[in-house]
Amino acid sequence: MKFKTLALAAAAGVLLAANAQAQTEIQWWHSMTAVNGEWVNDLAKQFNESQKSYKIVPTFKGSYDESMTAAVAAFRAGNAPDILQVFEVGTATMMASKKAVVPVSKVMTDAGYKFDSKAYISAVAGYYTAPSGEMLSFPFNSSTTIFYFNKDAFKAAGLPTDKAPSTWPEVVAAAAKLKASGHKCPFTTAWQGWTQLESFSSWHNVEFATRGNGLQGMDARLKVDSPLHLRHIENLANMAKQGLFVYKGRGNVPEASFVSGECAMINTSSGFYGNVAKNAKFAYGLAPLPYYPDVQGAPQNTVIGGASLWVMSGKKPEQYKGIASFFDFISKPEVQAASHQRTGYLPVTMAAYKLTEDSGFYAKNPGTDVAVTQMIRKVTDKSRGIRLGNYVQIRTIEDEELEQVWGGKKTPKEALDSIVKRGNEQLERFQKANKG
Amino acid sequence: MEKRVQFRSSWLPWVLIAPQMAVICVFFFWPAAQAILQSLQEQDAFGSSTEWVGLDNFQRLFSDATYLESFKTTALFSVLVAGLGIVLSLLLAVFADRVVRGVTFYRTLLILPYAVAPAVAGVLWVFMFSPALGVVAYALGKFGYDWNHLLNGGQAMALIVLAAVWKQISYNFLFFVAALQSIPKSLIEAAAIDGAGPWRRFWGIQLPLISPTTFFLLVMNVVYAFFETFGIVDAATNGGPGKDTSILVYRVYYDGFKAMDLGGSAAQSAVLMLIVIVLTVVQFRYVEKKVNY
């Protein structure tokens, strides 16, 4: 009897092992934390349950820059993952690394899937497309910069809660009222370089960098020393001096101060929505980024942020087939729409947007369509997106110089001039290193 | 007749030091050679194209004003970390040496921070000093002192020095306690009988007798401040505000692991290596003269 059970168990074990062998595992490295991390795991689980041949294994590899570094190290050692999530800042680097990646459009057509880049929102597809028109990476969690405000705090300050301040002068006025009502942090911003310089530029239809913000070639140079940029940074510096804008740190660190209720207004990624929806203990509103009403052409559209999925080179054919079938799965309008509604990231395809609209989601959750409507306008050469080499360093330069403005150590003019000078050195180096 | 034991074999000494040499070669010389090799190259992120650029990476470094600035930052940081770290732990060790009851308990508590990873230490201190949520920042605010290390460079520096010193105190403490214990009790007792108070005994007997340990710790602490503190800086300040806490080793880490500029990062490590070698030589040549063994 005992022997029989043992034999059975052994047989079952062998069978299971054989079954596992037949399945092709696909390693997916990502940088999604908390609610967004759960989302990624759920996507993998849904896909794995939907078919038997492939198994997507998502692995959290640290923040965006950490996972990219990990992938680089792994690639050099011959152990690269199959799919790698790379933030928009790393896009130019990935595009230049032609030997390390396989274009997504090739992966899809090789596996026999129809791949229509026109199905995507043009600002999204345009950003991840090579000058040759080939789509290089799969738009996954695309976001853009929007404005969040705390309705409870607005109410306490006697401000209208049904309409967010839509221009910068209105933001200043609202911040003053919030301060007068005893609010310690009326306004803050996360990702200061992305929101206050990069997105600010395309939102006002002015260049952030030449050569179509770098999309047309590697010889782009920064243009953030323009009068409009100067005016905006001077405005923010004045707000900082009066305690209307409180600096809360780099990257997404300031977001915590909005969720906790400490800061009443924040500029940050639309991908922050999932966190707010889950954790904010107050009524909140989403709105488009503020603009200067006297600037011609404003508001235009905001720039894309977030990340895309890159397929690494040197894998077996069946792995590429699995990747293609996974991408096809997560491109389905209903999957896309569900992801969009859950996270606040852009729907990426027009079909997913329509589906969400028809389901009445936007009507039920006012403001969730802000990011989409901000993005689906017809883009100009100045607003299509920003794609620069050594972008990681440029972002840090923006952080370093702006911090000195908020701290009163540099004038806005000095800081912007310095960003241009130091940033251009980085661009020249990237151009030289990649023979662009 | 020679009194010392002598090995006549010509190969045995080599065999005996071989394991040690192997360890040094694999874990020190080889990576160091790699770093120097890489500092002469320019590579793209994934390493698919490599180009020899000679001394370009170094040239670029020394024409970068912010790099030269970070020498000053690093000097200030390492003097503060090594100085404060040694003085504070010596003080603690002298006190712990006089404790009669519960010695193990006190010592264990003092050694505990050594088990904490640098990045975790950085985060711990950031929590305490966070301008909005931190306990210490709140307490300072109550005394009318406005703490905001996000914008105040001096405070940011104070924060990373504090975290780095706190983390290193246990290590120093261990060595100091051991050194103090190894001083023969009879010496101290004799001095006490001659009428020397605790202060006099410390200056006249204990301090000179533990000077080899102090010297050793000086070297170790300088090396620690130069090489092992990037985790703290990364977690606490990211080198900001501006570049006010961007010490050399943090820049090596940032350029290599965040910005993926391996050539530039390797060139910086070569410079850093040179600095520490020079510093160590200086310490052995001049400071060691004051040490009595």
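Going by the annotation in an unreviewed UniProt entry, the name recorded for chain B is sn-glycerol-3-phosphate transport system permease protein UgpA, with Xylophilus rhododendri given as the source organism. Recorded under Sequence similarities (unreviewed entry), the UniProt text for chain B is reproduced unchanged: "Belongs to the binding-protein-dependent transport system permease family." Its UniProt record, at the heading Subunit (unreviewed entry), says of chain B: "The complex is composed of two ATP-binding proteins (UgpC), two transmembrane proteins (UgpA and UgpE) and a solute-binding protein (UgpB)."

Chain A has the name sn-glycerol-3-phosphate-binding periplasmic protein UgpB in an unreviewed UniProt entry, where Xylophilus rhododendri is given as its organism. UniProt annotates chain A under Subunit (unreviewed entry) with the comment "The complex is composed of two ATP-binding proteins (UgpC), two transmembrane proteins (UgpA and UgpE) and a solute-binding protein (UgpB)." UniProt, in its Sequence similarities (unreviewed entry) section for chain A, records the words "Belongs to the bacterial solute-binding protein 1 family."

Asker: I'm lost on the packing of aromatic side chains in this one. Help?
Answerer: Here a ring pair, both rings aromatic, is described through the centre-centre distance and the interplanar angle of the planes. Residue and element names in this part refer to chain A. Scanning all chains against the criterion turns up 45 aromatic pairs over all chains. Between Phe 138 and Phe 327, the ring centres sit 4.4 Å apart and the planes meet at 15 degrees, which makes this aromatic pair stacked. With a gap of 189 residues between them, Phe 138 in strand 5 (residues 138-150) and Phe 327 in helix 14 (residues 317-331) connect regions that are remote in the sequence. A relative accessible area of 1% means that Phe 138 is categorised as buried. Ring centres 6.1 Å apart and planes at 55 degrees place the aromatic pair Tyr 148 and Phe 258 in the tilted group. Taken together, the positions of Tyr 148 in strand 5 and Phe 258 in helix 12 (residues 255-259) put the pair 110 residues apart, joining distant regions of the chain. For the pair formed by Tyr 148 and Phe 258, the shared burial category is buried. These aromatic residues form a ring-pair network of at least three members: Trp 28, Trp 39, Phe 47, Phe 138, Phe 140, Phe 326, Phe 327, Phe 329 and Tyr 345. Sitting over the ring of Trp 29, Lys 61 keeps its end group 4.3 Å from the ring centre. The ring of Tyr 391 has Arg 395 sitting right over it, with the charged end atom 5.1 Å from the ring centre.

Asker: Whenever I open this one, the domain arrangement of chain A confuses me. Can you help?
Answerer: For interface size, the figure often reported is the accessible area lost on association. Residues and elements named next belong to chain A. According to the domain assignment, chain A contains domain 1 (24-143 + 304-364) and domain 2 (144-303 + 384-434). Look at where the C-alpha atoms of domain 1 and domain 2 centre, and you get two points 27 Å apart. Taken together, the contact pairs 25 residues of domain 1 with 24 residues of domain 2. Summed over both sides, the interface of domain 1 with domain 2 buries roughly 1800 Å², with 60% coming from carbon and sulfur. The tally of links between domain 1 and domain 2 comes to one salt bridge. Between Glu 88 and Arg 395 there is a salt bridge whose closest N-O contact spans 2.9 Å. Put simply, the parts of the chain that give the side of domain 1 that touches domain 2 at least two residues each are helix 2 (34-50), helix 4 (91-96), helix 6 (122-127), strand 9 (304-312) and helix 15 (333-343).

Asker: Please clarify how the UniProt feature "domain: ABC transmembrane type-1" (unreviewed entry) in chain B should be interpreted in this entry.
Answerer: Taking the UniProt record as the reference, the feature "domain: ABC transmembrane type-1" (unreviewed entry) is found at residues 71-283 of chain B. Split by type, residues 71-283 of chain B is 77% helix and 0% strand. Its first and last C-alpha atoms lie 19 Å apart.

Asker: How do you make sense of the side chain of Glu 255 of chain A when you look at a structure like this?
Answerer: Residue and element names in this part refer to chain A. Mapped onto the fold, Glu 255 is located in helix 12. Of the polar contacts made by the side chain of Glu 255, one reaches the side chain of Thr 268; its length is 2.7 Å. With sequence-adjacent residues up to four places away left out, Glu 255 is seen in contact with Ala 190, Trp 191, Ile 266, Thr 268, Ser 269 and Phe 272.

The rules behind each value
Residues numbered from 1 in each chain as written. Chains lettered and ligands numbered in written order. Predicted model: local features only at pLDDT ≥ 70, side-chain atom pairs only at ≥ 80, totals over all residues. Heavy atoms only, no water. UniProt positions renumbered as here; feature names shortened; annotations may be inferred. Phe/Tyr/Trp six-rings, centres within 6.5 Å; stacked < 30°, edge-to-face > 60°. Helix = DSSP H or I, 4+ residues; strand = E, 2+ residues; numbered from the N terminus. Buried < 20%, exposed > 50% of the residue type's maximum accessible area, 1.4 Å probe, protein only. Lys NZ or Arg CZ within 6 Å of the ring centre and 35° of its normal. Domains from an automatic or database assignment. Contact = heavy atoms within 4.5 Å. Buried area = accessible area lost by both parts, 1.4 Å probe. Salt bridge = Lys/Arg side-chain N within 4 Å of Asp/Glu carboxyl O. Polar contact = N/O pair within 3.5 Å; in protein donor to acceptor, adjacent residues only side chain to side chain.

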